[in-house]
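What follows is each chain in one-letter form.
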Amino acid sequence: MKTDVLKSIRETEEEYQAMIRDAQAERKKSLSDAELEAENLVLKAQKDAGEHRNQRLAEARAQAQNRYAEIVREGEARAEALKATGNKNLAEAVDFIVTRFKEQLHVKA
């Protein structure tokens, strides 16, 4: 009877040892899975952040390009307006200069 009890205790201990090994193996697997999942989440977050950054840069470049085009259009319009004003006054300016030149010639003569 004593040997039966000792045998039963030994078997129970072996069962518990096996259960402990299984639990430790499961714990190790769970930790490994969690680390892998965390790493994948970090990589995905980095990828998403990079895509968002690239999108924002593209939007900023497009906005800058549009502003540049707008400034160029405004400059061209102002240049055309100045040119038109200059051409409009050109005949009067030429007449004025010729008249002043003639006046200067008559004064010296």
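Residues numbered from 1 in each chain as written. Predicted model: local features only at pLDDT ≥ 70, side-chain atom pairs only at ≥ 80, totals over all residues. Heavy atoms only, no water.

Asker: Any details on the overall build of the protein chain? Residues and values, ideally.
Answerer: Scanning the protein chain from terminus to terminus reveals 1 helix and 0 strands. Its C-alpha atoms give the protein chain a radius of gyration of 46 Å, more than 25% over the compact-globule value 13 Å for 109 residues. Judged by the C-alpha coordinates and their principal axes, the protein chain covers about 155 × 25 × 10 Å. Taken over 109 residues, the protein chain has a buried fraction of 0%. Counting every atom, the protein chain has about 10500 Å² of accessible surface; 57% of that belongs to carbon and sulfur. (Helix = DSSP H or I, 4+ residues; strand = E, 2+ residues; numbered from the N terminus. Rg over C-alpha atoms; globule rule 2.2 N^0.38 Å. Buried < 20%, exposed > 50% of the residue type's maximum accessible area, 1.4 Å probe, protein only. Areas by Shrake-Rupley, 256 points an atom, 1.4 Å probe, with all protein chains shown as cover.)

Asker: Explain the UniProt feature "coiled-coil region" (unreviewed entry) in the protein chain to me, using residue names and the numbers behind them.
Answerer: UniProt marks residues 6-74 with the feature "coiled-coil region" (unreviewed entry), using the numbering shown here. In residues 6-74, the share of helix is 100% and the share of strand is 0%. The end C-alpha atoms are 100 Å apart. (UniProt positions renumbered as here; feature names shortened; annotations may be inferred.)

Asker: An account of the pattern of salt bridges is requested, with residue identities and associated values reported.
Answerer: Taken as a whole, this structure holds 5 salt bridges when the rule is applied. Here E51 makes a salt bridge to K47, at a shortest N to O gap of 4.0 Å. Taken together, the positions of E51 and K47, both in helix α1 (residues 2-108) and 4 residues apart, correspond to about one turn of that helix. Look at E51 and you get partly exposed, because its relative accessible area is 44%. In this structure, R56 and E59 form a salt bridge, with 3.4 Å as the shortest nitrogen-oxygen distance. In this pair, R56 and E59 both sit in helix α1, 3 residues apart, roughly one turn of the helix. Classification of E59 by relative accessible area gives partly exposed; the value is 40%. (Salt bridge = Lys/Arg side-chain N within 4 Å of Asp/Glu carboxyl O.)

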